[in-house]
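Breakdown of the fold
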Amino acid sequence: MNEIQEATKYIGQKKSVYYAWSGGRIYSTSGRNSRMSECFRLAGVKNACTFAVDQPKINSQTLISWEPDLILLWDTDPQELYSKKELSVLKAVRNKQVHVLEPPFYYDPHTLKIMYAAIELHNICYGEKENFDLEKNRRDIMTNLYGDKAAALLE
């Protein structure tokens, strides 16, 4: 956690990220007072969602007005977004800046694995300045969480 906080403290213009829930629920998101918003702060990005509530449901007009730099999905096919004509106006969609955290098991945002999601999100958004080894971090996090069972999970 200290490493990622150190890497993100000098980011001036933070990228805006919209998070859509699993299972294709693209208009269900995480507000500013959510665990996912904490993940965003750790990653050095800002939550595109402007609502303070934990789990707001929005519509396409709201998402369009937020105009995120990147759309982050967990356990959702990106075609769910790309197939929606109304979302084709979003720069994240036009620029193919829709990223899926997969496989979902490694990034479960409802567990301590959210740290791995923050590291990957940082790499996605600031790759040219990044210094995190995703594979090493995945092994460290999984080993800390699952002990001897981690080896089987990482195969």
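If you're wondering where the values come from, they're calculated on a predicted model, not measured in any experiment.

To continue, consider the pattern of salt bridges. Tallying each qualifying case throughout the model produces four salt bridges. A salt bridge links Arg139 to Glu135; the shortest N-O distance between them is 3.8 Å. One end of the pair is Arg139 and the other is Glu135, both in helix α7 (residues 134–146) and four residues apart, which spans about a single turn. Among the ionic pairs, Lys136 bridges to Asp140, the shortest N-O distance being 2.7 Å. One end of the pair is Lys136 and the other is Asp140, both in helix α7 and four residues apart, which spans about a single turn.

Reading across the sheet, the four strands line up as β2-β1-β3-β4 and stay open at both edges, with parallel pairing between neighbours. Lying at the two open borders of the sheet, with one neighbouring strand each, are β2 (46–47) and β4 (98–101). With four bridges joining them, strand β3 (residues 70–74) and β4 adopt parallel strand pairing. Bridging across to β4, Leu73 finds its partner in Val100. Helix-sheet contacts for helix α6 (residues 114–126) involve β1 (16–20), β3 and β4, and the interaxial angle to β4 is about 155 degrees.

Counted by the stated rule, this structure contains five aromatic pairs. Measuring from ring centre to ring centre gives 6.2 Å for Tyr18 and Trp66, while their planes differ by 40 degrees; the resulting arrangement is tilted. Linking Tyr18 in strand β1 with Trp66 in helix α3 (residues 60–66), this pair joins segments that are 48 residues apart in sequence. Aromatic pair Phe51 and Trp66: ring centres 5.6 Å apart, planes at 70 degrees, arrangement edge-to-face. Of this pair, Phe51 sits in the loop between β2 and α3 while Trp66 is found in helix α3, placing the two residues 15 residues apart along the sequence. Judged by relative accessible area, Trp66 falls into the buried class, the value being 13%. An aromatic cluster is present here, built from Tyr18, Phe51 and Trp66 joined pairwise through their rings. Here the basic side chain of Lys96 rests over the ring of Tyr82, its NZ or CZ set 4.4 Å away from the ring centre. The ring of Phe105 is capped by Lys113, whose NZ or CZ atom sits 3.4 Å from the centre of that ring.

How each quantity is defined
Note that residues are indexed from 1 along each chain, following the sequence as it is written. This being a predicted model, a pLDDT of at least 70 is required before a residue's local features are given, and a value of 80 or more before pairs of side-chain atoms are given or counted; all residues contribute to the totals for chains, interfaces and linings. Side-chain figures throughout are based on the complete set of non-hydrogen atoms in the structure, without hydrogens or water. Within this document, salt bridges are pairs made up of a side-chain nitrogen of Lys or Arg and a carboxyl oxygen of Asp or Glu, the two lying within 4 Å of each other. Here a helix means four or more residues in a row that DSSP labels H or I, a strand means two or more in a row labelled E, and each is numbered from the N terminus. Here the rule is simple: two strands pair whenever DSSP picks up at least two bridges between them. It only takes one pair of heavy atoms within 4.5 Å for two residues to be counted as in contact. Structural elements are reduced to axes, namely lines fitted to C-alpha atoms, with helices fitted over the stretch in contact, and the angle between N-to-C directions of any two is expressed from 0 to 180 degrees. Two aromatic rings, drawn from Phe, Tyr or Trp (for Trp, its six-membered ring), form a pair once their centres lie within 6.5 Å of each other, and the interplanar angle then sorts them: stacked below 30 degrees, edge-to-face above 60, tilted otherwise. Categorising residues by exposure relies on relative accessible area from a 1.4 Å probe, with only protein chains included: less than 20% of the type maximum marks a residue as buried, more than 50% marks it as exposed, and the intermediate range marks it as partly exposed. Distance and angle both matter: a charge sits over a ring if NZ of Lys or CZ of Arg is within 6 Å of the ring centre and within 35 degrees of the ring normal.

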